[in-house]
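Results of the structural survey
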Amino acid sequence: IWPGSVVAKTAEDGIRIVDSMRAAGADFVKVYSRLLPETFAAIATRAREIGIPIAGHVPSLVRPAEAARAGIRTVEHLQQALQGCSSREEELLADYSVAARSPGGWDSASAVSRRQTPLYLASHDPARCRALGGEFARAQTWMVPTFTVLRSISRLDDTTLAADERLQYVPGFLKTGWNPKNDFRFRMVTPAGWAVRRQVYARQLEIARLLRDGGARFLAGTDLANPYIFAGSSLHDELALFVSVGFSPLEALQAATIEPARFLGATDSLGTVAAGQLADLVLLEADPLANIENVRRVAVVVANGRVFDQEARAKILADAKQRASAGPRQ
């Protein structure tokens, strides 16, 4: 899908690639959407055998519960959760699989997926969704919903996005890429398609709440470089979206602090403000537990022991604005 990706067409490919990544010193293997189930299974088995985690997307032909049981450590962007929360999951997945394995391949599968989306929306089953959350909890598979990117890619036809003041800090080449007409993923989306995407996003917010109710654990992330995802401040957006789906402000903050430390097995150095921990913290002007929007009211940042007061942070922003307006380096 992306230039630079390593393609694994067979189980043997998958095993070889996992071994090569381990030998190269990789911390984990990211799996992606178009792995065939048998290839994904071989990757998961081999990764478990040699002690390297897998994380990323639930492949499109794999049920999310199966991916969790196979050992995927994180699920990004609620991949396949819409399908896993449907009472018609098995039936619709079988049809999708036939299309993907047909001579038309993934082009045929994409056409089937567009037809299936309204069916998944109509067959949403909250009880099944909560049960899926339990599957994730038992497997110790963490959700990284990236609400911000789900929101942005559901409404790229909204012309008001271009008025976001944070665009002044974004280089021109990135902004050009954020135009849906310049992105292969979105250039063919019709007005009706954008309407369906907004319906999917609304359902994804509900799904996240149901997965949490079922016991799934969550981490905060934003998927930087995707359209209208801004370095730093989009994390503030993400925490507000966590609260909008029913997380308490404390739980939202924990998804960006202690929960990542637990996920990484690094609570001895990260995730809390205490003597002996790394000095990575932020001092706010108001209580975020009273209102999560107060995370935007930053007074001082300490990053790895280095203090950035308001003047220092203003300079960073000014430099970013100048670099963005200067264009690419020659």
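Everything below is about the structure shown above.
Residues numbered from 1 in each chain as written. Predicted model: local features only at pLDDT ≥ 70, side-chain atom pairs only at ≥ 80, totals over all residues. Heavy atoms only, no water.

**Digging into the overall build of the protein**
Just so we agree on the cut-off: In this text, helices come from DSSP runs of H or I with a minimum length of four residues, and strands from runs of E with a minimum of two, each type numbered from the N-terminal end. All radius of gyration figures rest on C-alpha atoms, and the globule criterion is 2.2 Å times the number of residues raised to 0.38. The buried label goes to any residue with under 20% of its type's maximum accessible area, the exposed label to any with over 50%, and the partly exposed label to all in between, with areas taken from a 1.4 Å probe on protein chains only. Two residues form a contact once any of their heavy atoms are found within 4.5 Å. For accessible areas, the Shrake-Rupley method is used with a probe of radius 1.4 Å. Any residue's cover is judged against the shown protein chains and nothing else. His residues and chain termini do not enter the charge count, which takes Lys and Arg as positive and Asp and Glu as negative. We put the charge of a Lys on NZ, of an Arg on CZ, of an Asp on CG and of a Glu on CD.
Of the regular secondary structure elements, the protein holds 14 helices and 8 strands. In terms of overall dimensions, the protein is globule-like: its C-alpha atoms have a radius of gyration of 21 Å, near the 20 Å expected for 330 residues. Over its C-alpha atoms, taken along the principal directions, the protein stretches across nearly 60 × 45 × 45 Å. Evaluated residue by residue, the protein yields a buried proportion of 42% over its 330 residues. Partitioning the contacts of the protein with sequence separation of at least 6, the portion at a separation of at least 24 is 66%. Looking at the protein as shown, the accessible area adds up to about 17,300 Å², and 55% of this sits on carbon and sulfur atoms. Charge-centre separation for the protein: the mean point of 39 positive side chains lies 3 Å from the mean point of 35 negative side chains.

**Observations concerning the sheet that holds strand 4 (residues 142-144)**
Where we set the bar: Two strands pair under a simple rule: DSSP has to find at least two bridges between them.
Read across the open sheet, the 5 strands follow the order 1-2-3-4-5; overall the sheet is parallel. Two strands bound the open sheet, and with one partner strand each, they are strand 1 (29-31) and strand 5 (217-218). Inspection of the sheet shows strand 4 paired to strand 5 by 2 bridges, in the parallel sense. Residue Trp 142 lies in a different strand from strand 5, and its bridge partner there is Arg 217.

**Description of the sheet that holds strand 6 (residues 281-284)**
Which entries qualify depends on this criterion: To obtain each axis, a line is fitted to C-alpha atoms, and for helices this fit is confined to the stretch in contact; angles are then taken between N-to-C directions over 0 to 180 degrees.
Strand order in the open sheet made by the 3 strands is 6-7-8, with antiparallel pairing throughout. Strands with a single pairing partner mark the edges of an open sheet, and in this sheet they are strand 6 and strand 8 (306-308). Across this sheet, the average inter-strand angle for adjacent strands is 15 degrees, counted without regard to direction. Sheet analysis places strand 7 (residues 298-303) next to strand 8, joined by 3 bridges and oriented antiparallel.

**Topic: unusual backbone geometry**
Of note in the backbone geometry, Gln 80 takes a positive phi value of approximately 70 degrees without being a glycine. Structurally, the position occupied by Gln 80 is in the loop between strand 3 (72-76) and helix 4 (81-84). Look at Gln 140: it is not a glycine, yet its phi comes out positive at around 55 degrees. Examined against the element boundaries, Gln 140 turns out to sit in the loop between helix 7 (126-139) and strand 4. Overall, Gln 140 belongs to the exposed group, its relative accessible area being 58%.

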